[in-house]
Amino acid sequence: MGEIGIVALIALIAVVGVPVAMLVGGIVYVVRLARRGTQATLADAAKRRELA
């Protein structure tokens, strides 16, 4: 792998990493909704925003 191969690999990781991170975040959110319910999940999110 020359220079172009390493650059292409870094670009591939960046391009694939964003949708994978979004997918993982969505799965975590859906699991929280299923376990705790909508109201509790949204109330926790509101508390975090107030603290930030």
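Okay, so let's go over this structure. Numbers given for residues are sequential positions, taken from 1 along each chain in its written order. Only residues with pLDDT of at least 70 are given local features in this predicted model, and only at 80 or more are side-chain atom pairs given and counted; all residues enter the totals for whole chains, interfaces and linings. To get the side-chain values, all heavy atoms of the structure are used, and hydrogens and water are removed first.

**Observations concerning the environment of Leu33**
Starting at the N terminus, helices and strands are each numbered in turn, a helix being any DSSP run of H or I of at least four residues and a strand any DSSP run of E of at least two. Tracing the backbone through its elements, the reader meets Leu33 in helix H1 (residues 3–36). Think of it in three bands: residues with accessible area under 20% of the maximum for their type are buried, residues over 50% are exposed, and the middle band is partly exposed, with areas taken using a 1.4 Å probe on protein chains only. With relative accessibility at 24%, the residue Leu33 sits in the partly exposed group. Those residues within four positions of Leu33 in sequence are excluded, and the remaining contacts are Thr38 and Thr41. The contact criterion used is simple: two residues touch if any of their non-hydrogen atoms lie within 4.5 Å.

**Quick look at a nonpolar patch on the surface**
Nonpolar side chains collect at one region of the surface, where Leu9, Leu12, Ile13, Val15, Val16, Val20, Val24 and Val28 lie side by side and expose about 690 Å² of accessible area between them. Position of Leu12 among the secondary structure elements: in helix H1. Relative accessible area serves as the criterion here: at 51%, Leu12 is assigned to the exposed category. Without a salt bridge and with relative accessible area above 30%, a residue can belong to a patch; like charges are then joined within 9 Å and nonpolar side chains (Val, Leu, Ile, Met, Phe, Trp, Tyr) within 5 Å. To measure how exposed things are, a 1.4 Å probe is used in the Shrake-Rupley method; for residues, cover is taken only from the protein chains shown. By definition, a salt bridge exists where a carboxyl oxygen of Asp or Glu is found within 4 Å of a side-chain nitrogen of Lys or Arg.

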